Amino acid sequence: MAEAAAFQGTGPSPARRWLRRTLTVAVGAPLLAGLLQNPSPARAAEETPVSRTVDVSIDTLTPSAPVEGDTVTVTGTLTNRGKRTITDATVNLRVGPRMDSRSEIDQVARRRGFRSDSDPQPLDAPEIKVPRLAAGVAQDFRISVPVADLDLGDEGGVYQLGVSLTGQTSDARWDRVLGIERTFLPYQPEPTAKRTQVTYLWPLISSAHVSADTAADDQQTPVFQDDELVQELRPGGRLDEMVTLGKDLPVTWVVDPDLLASVDAMARGYRVKDGTGHIAGTRENRDLAQRWLGELEKAVQGRKIVALPFADPDLASLAHRGKAVPGSLGHLQSATALAGSTVETILHVQPATDFAWPVEGAVDPSIMAVATSAGARKVIARSDSIRDDDLSYTPTAARPIGGGATAVVSDAELSTAFQGDMVRAETSTLAVQEFLAQTLAITLEQPQDRRSVVVAPQRQPSVSQAQAMAAAVRGLGAKRWTEPLDLVAAAAAKPDPDASTTVPRAAQYPKKLRDGELPVDAFRDMKTTGDELSDFKVVLARPDRVVPSAIAAINREMSTSWRGRTTAAAIYRADVQDVLRRLTKSVVLVDKSALTLSGRSATIPVTVQNKLLQDVKGLVLRLTSSNGTRLKVDGNTSADLPITVRAGHSQSVKFPASANANGQVSMTAQLYTVDGTPYGSPMTFSVKVSEMTPTVMLVIAGGVLLLVLAGVRMYSQRKRLAARAAEAETVADALAEGGTEAGIEAPSDGGAASATADGAGQPSDPEADTGSESGDPSGPGEKVDR
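Since the model is a prediction, treat every value here as computed from it, not as a measurement.

Enquirer: How would you sum up the packing of aromatic side chains? Please name residues and give values.
Expert: Under the defined criterion, the tally for this structure stands at six aromatic pairs. Between Tyr-200 and Trp-202, the aromatic rings sit 6.3 Å apart at their centres with planes inclined by 55°, giving tilted as the arrangement. Side by side, Tyr-200 and Trp-202 carry an identical accessibility label, which is buried. Relative to Tyr-679, the ring of Phe-536 lies with its centre 6.5 Å away and its plane at 20°, an arrangement referred to as stacked. Of the two residues, Phe-536 is situated in helix α16 (residues 520-537) and Tyr-679 in strand β29 (residues 678-690); the sequence distance between them amounts to 143 residues. Residue Phe-536 is classed as buried on the basis of its relative accessible area, which comes to 1%. Members of the aromatic cluster, joined through ring pairs, are Tyr-200, Trp-202, Phe-418 and Phe-435. Directly above the ring of Trp-357 sits Arg-459, whose terminal nitrogen or CZ lies 4.4 Å from the centroid. Across from the ring centre of Phe-685, 5.7 Å away, lies the NZ or CZ of Lys-592, which sits over that ring.

Enquirer: So what's going on with the environment of Arg-283? Which residues, and what values?
Expert: Mapping Arg-283 onto the fold places it in helix α7 (residues 283-300). On the basis of relative accessible area, Arg-283 is assigned to the partly exposed category, the value being 48%. Considered as a pair, Arg-283 and Ala-267 are 16 residues apart in the sequence and their alpha carbons are 8.9 Å apart.

Enquirer: Describe the sheet that holds strand β7 (residues 172-187), listing the residues and the values that go with them.
Expert: Taken together, four strands build an open sheet; the order of strands is β4-β3-β6-β7 and the sheet is antiparallel. What marks the edges here is a single partner per strand, and that holds for β4 (127-133) and β7. Between one strand axis and the next, the sheet turns by 25° as a mean value, whatever way the strands run. As paired strands, strand β3 (residues 86-99) and strand β6 (residues 157-169) are joined by 10 bridges and run antiparallel to one another. The residue bridging Val-91 from the neighbouring strand is Leu-165, located in β6.

Enquirer: Give me the lowdown on the nonpolar core, citing residues and values where you can.
Expert: In this structure, Leu-621, Leu-623, Leu-631, Met-667 and Leu-671 are the most contacted members of the largest nonpolar core, which totals 74 residues. When neighbours within four sequence positions are excluded, Leu-631 is seen to be in contact with Leu-597, Ile-604, Ser-625, Ala-657, Ser-658, Ala-659, Val-665, Met-667, Val-687 and Val-689. With 66 residues, the next largest nonpolar core counts Ala-65, Ala-265, Ala-299 and Leu-414 among its residues.

Enquirer: Residue-level account of the sheet that holds strand β5 (residues 138-146), with values.
Expert: Pairing between the strands of a sheet comes from backbone hydrogen bonds, and it takes one of two forms, parallel or antiparallel. With antiparallel pairing, the three strands of this open sheet are ordered in space as β1-β2-β5. Each end of this open sheet is capped by a strand with a single partner; those strands are β1 (54-62) and β5. Neighbour to neighbour, the strand axes of the sheet diverge by 20° on average, direction disregarded. Two strands pair when backbone bridges link them, and strand β2 (residues 71-80) and β5 are joined in this way by nine bridges, in the antiparallel orientation. By the bridge assignment for β5, Leu-78 is matched with Gln-139.

Criteria and thresholds
- Residues numbered from 1 in each chain as written.
- Predicted model: local features only at pLDDT ≥ 70, side-chain atom pairs only at ≥ 80, totals over all residues.
- Heavy atoms only, no water.
- Phe/Tyr/Trp six-rings, centres within 6.5 Å; stacked < 30°, edge-to-face > 60°.
- Buried < 20%, exposed > 50% of the residue type's maximum accessible area, 1.4 Å probe, protein only.
- Helix = DSSP H or I, 4+ residues; strand = E, 2+ residues; numbered from the N terminus.
- Lys NZ or Arg CZ within 6 Å of the ring centre and 35° of its normal.
- Pairing = 2+ DSSP bridges.
- Axes fitted to C-alpha atoms, helices over the stretch in contact; angles between N-to-C directions.
- Core = buried A, V, L, I, M, F, W, Y, C linked by side-chain atoms within 4.5 Å.
- Contact = heavy atoms within 4.5 Å.

See the structure below:
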């Protein structure tokens, strides 16, 4: 009847339709769930969409590398990221089968959601019940299980360990995996016969903080660009944490000598730039620096230390950009020479100085050539640069690359294991577990062979990154499948004959790293500063007060720490140039005003001023005439005179000059070093020449002679007149007193006397030869008889 009814077009009753739908849902829901948990082969690689509704974080896993008899404890947090409440949920552990390769570990580490084809079944026990987890709510969990219940086998190995939450939501009333997190459980109950030798580099490197300037005191107190280094030295700071953690770890210390020199300068007393001047560093900061150096010195005693070239120069930038600028390689050589003595003086240990460490271990032929040119016979490379794609195992790090040089190839995965944000406990824990798993997998690749692996982490780990690194190194402390080895010994290890020794071509160098290199202009600035320093130091009585700090500053300009800080690097280079130029301009020629030179010869003074706190010597002052025909200097167009000027004094030099013609002459004074290199800027002034010719000199001499003769004549005339006046007065007196007795008659007419005592009126003199005497001076040209 039902068939007849359907045939006749009569539909089922509402009750039957409801029953049919209910049965369809009841039967279809489990089938759908099965499809979701067991995807088709075409979708096997896809994760279940609902498996990320809950964020499962694994915050701790102890012990990180369990042995037989241990109990594994996992703690973490469950966070409902969905929009609906989760009910009737359980938290389970899922332990997977033994992993056979490092690539399998990589695949598991990249998974995010639940995968039924690869994630193992949950353990029956233990199990945590979560009756209700509201949307947006987080709940902590703690779950423990004895190692014996994990079924890890007797041989040991690396196992996947997952924590999952299975539950329901209001819109889907069936159990399914709503969230999962995976990590790794390295299990090696007994030490392996051949343990892998692990070399972990522990870098003590910072950015440049010291300027080229020094205070004007006897101690030459260094001046810092900023006071940021103090923050790294404080308890809990980055550098403080590196020393605190590293002192108890079997690591190789890789040190930038500039960092030691900077902290040592702080401990002795320093100044910090403050606007246009600088202020003294505080006593508290000095104490911090002293404490840190003391702790470091104790930590490195008896350990291997590798000293990088001073200020950790960027070898890739130098190889790709700097070689185009003459003299750039000389800066690397000076940085290398300075490294050993700096470390030995401050820490009282002798470091290895024949290692080079390019950025991120990326190398090409030019980088290798630059690194070895400064004496580094061992270059720390990385396995993603010098690759071993044809090998199914991890070879020993040391590789001979020809010319007596060795590439120490660090493992890329282990070296980058702790990059990124390690502040979250989950991130740090997962990184540590993966690191330990990778090292065990390396050992199990070739258990019959002992190999050497090097780990070269980021240059400046943060505090959280350093803590994660330390946890990983401590996790290897049991020495069940690894043993520590210092870098010097790792570089000398017997190389694997099948390992690659091919340095990649320049075209294979990563573009991202090339884009971050110092520009060519940076090396041009260094050359300019270096040339100015070379010219300046030869004139100093005590070059040791200037040269070391300037060379150190130039080395800092090449630092790897400038990557990603282009503007800051340019400012630092400009500051170094300004400091040196300010010093060189402290020895200057004093400006002169225009001079007038009258006569055929004279001297021209030129003054040199020295504002430095030390004497300058070895300078030659040259004075040049623009017109040698009109004015010569010491008989030539120019003349040179040596000069030495005491500290804080001025010194004048006098040049003999001779004039041949009247007119204006431009004079140029220039200082030179003894090798003929111009020093400072020239100084120009003018000389006005007013020459006295022979004719003019003769006329002047004749005029002077006439004046002298006229004076003599006037003097003679006045003397004669005075004598005659005296004689006439004497005669008059005689006549007045006794003229009759002498036989002299006075004229009767009262006229003048006409005779003398000798008788008047000689026969040969018919008349008197002169008239009455005049008391007036003689007229011009008048002849005077004596």
